[in-house]
Amino acid sequence: MADKAQVKAPAVTAKTRGAAVLTMFTMKGDPIKALSGFKLPAGAHVAIVSGRPESVRAIRKSVRGRVARVTEVVEQVSRPNQVEREALVDKTAFEPDARSRAMLEGIRIAQQDLRDAGGAYDLDEVRTLMRGVSRQAIDKRVQDGSLIAVPGPSNRRSYPTLQFNRDGTVVPGLKAVREALQTSNSWTVLNFLAHPDVRLSNRKPIELLKSGQLDLVLEAARLHGEQGA
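Residues numbered from 1 in each chain as written. Predicted model: local features only at pLDDT ≥ 70, side-chain atom pairs only at ≥ 80, totals over all residues. Heavy atoms only, no water.

Topic: the environment of S134
- Within the secondary structure layout, S134 lies in the loop between α5 (123-129) and α6 (135-144).
- The exposure class of S134 is partly exposed, given its relative accessible area of 30%.
- Linking S134 and D124, residues 10 residues apart in sequence, is a C-alpha distance of 10.0 Å. (Helix = DSSP H or I, 4+ residues; strand = E, 2+ residues; numbered from the N terminus. Buried < 20%, exposed > 50% of the residue type's maximum accessible area, 1.4 Å probe, protein only.)

Below is the structure:
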């Protein structure tokens, strides 16, 4: 019966806890000629090694009856490390598709709109501006569109500063503008208010609202909403 041992390829020496160390030498050229006249030291043996099944069969047939021991060495294939496993995955699999990129770009544009509009207040700051009005009253105004709120840090509402007058009051007409734009998306309303509009002689809608020119802004909002629909 053949003995079986397991070693890590292509190691020349194999060490096993509690066992002797076996060292294998691979001869150059014709091993028969290389060993001609060579005297083996005590305890040394000549071994024929092959990993090809057809060669093994031929060797077994040729040396039958002259072999003292047959050892089958099982080559252990090392597993790929983390870096190698990652390299097997096509990097393009992680790239966002066109729709996802458009969504990301939309968020970036919205955030830039907020910066251009002067940033935003948090809830407590808005309550201070509005002379201590309750949270429920603020929520109601956000729901009906007379106050603009956008998602802020930690997904808490933030209130763009451009919708407030110098005295802390809310600019009138925001609800009518949202209805004219035919949207409930606060980012869309903010984008319209914060940017110069050619229909308003390149003036910002929010500036006209603050000066009381609601009708002009509403007409521009209707046309803007129709184009976006």
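Picking up where we left off.
Looking at the sheet that holds strand β7 (residues 157-160)
- Spatial strand order, β5-β7-β6: three strands in an open sheet with antiparallel pairing. At either end of the open sheet lies a strand with only one pairing partner, and these are β5 (120-121) and β6 (150-151).
- In terms of strand pairing, β6 meets β7 through two bridges, oriented antiparallel. By the bridge assignment for β7, P151 is matched with R157. (Pairing = 2+ DSSP bridges.)

Describing unusual backbone geometry
- We note that S201 has phi near 60 degrees; this positive angle belongs to a residue other than glycine.
- Mapped onto the fold, S201 is located in the loop between α8 (186-194) and α9 (205-210).
- Of the residues examined, S201 reaches a relative accessible area of 58% and is grouped as exposed.
- Despite not being glycine, N202 has its phi angle at roughly 60 degrees, a positive value.
- Tracing the backbone shows N202 in the loop between α8 and α9.
- Looking at N202, the relative accessible area reads 52%, which means it is exposed.

Considering α8
- For α8, the full list of buried residues reads S186, V189, L190, F192, L193 and A194.
- Two or three places before W187, at the opening of α8, N185 has a side-chain oxygen 2.8 Å from that residue's backbone nitrogen. (Polar contact = N/O pair within 3.5 Å; in protein donor to acceptor, adjacent residues only side chain to side chain.)

Details of the nonpolar core
- The biggest cluster of nonpolar side chains holds 32 residues, and the ones touching the most others in it are Y159, V177, F192, L193 and L209.
- Broken down by secondary-structure element, the contributors of at least two residues to this core are α6, α7 (174-181), α8, α9 and α10 (214-228).
- No other element matches the five residues that α8 contributes to this core.
- Apart from residues lying up to four places away in sequence, L209 is in contact with V171, P172, L174, V177, L193, L214 and V217. (Core = buried A, V, L, I, M, F, W, Y, C linked by side-chain atoms within 4.5 Å. Contact = heavy atoms within 4.5 Å.)

Details of the packing of helix α4 (residues 98-116) against α8
- Running from amino to carboxyl end, α4 crosses α8 at an angle of 50 degrees, the nearest separation of the two axes being 10 Å. Relative to α8, α4 is oriented oblique. The two elements α4 and α8 meet at a crossing, and its hand is left-handed. When α4 is examined against α8, the residues A110, Q111, D113 and L114 are found in contact with a partner set consisting of W187, L190 and N191.
- In terms of residue class, the contact of α4 with α8 is built from four nonpolar, two polar and one charged. (Axes fitted to C-alpha atoms, helices over the stretch in contact; angles between N-to-C directions. Parallel < 35°, antiparallel > 145°, perpendicular 65-115°, else oblique. Left-handed = near helix turned anticlockwise from the far one by under 90°. Nonpolar A, V, L, I, M, F, W, Y, C, P; charged D, E, K, R; others polar.)

A short note on the environment of Y121
- Relative to the assigned elements, Y121 resides in strand β5.
- Along the sequence, Y121 and Y159 sit 38 residues apart, while their C-alpha atoms lie 5.0 Å from each other.
- In contact with Y121, not counting residues within four places along its chain, are V126, L129, S158, Y159, T161 and F164.

What about the packing of aromatic side chains?
- This model, assessed by the stated rule, comprises one aromatic pair.
- Here the aromatic rings of Y121 and F164 are separated by 5.6 Å at their centres, their planes lie at 70 degrees, and the arrangement is edge-to-face. Of the two residues, Y121 sits in strand β5 while F164 sits in the loop between β7 and α7, which places them 43 residues apart along the sequence.
- In this structure Y121 comes out as partly exposed when scored by relative accessible area, which is 26%. (Phe/Tyr/Trp six-rings, centres within 6.5 Å; stacked < 30°, edge-to-face > 60°.)

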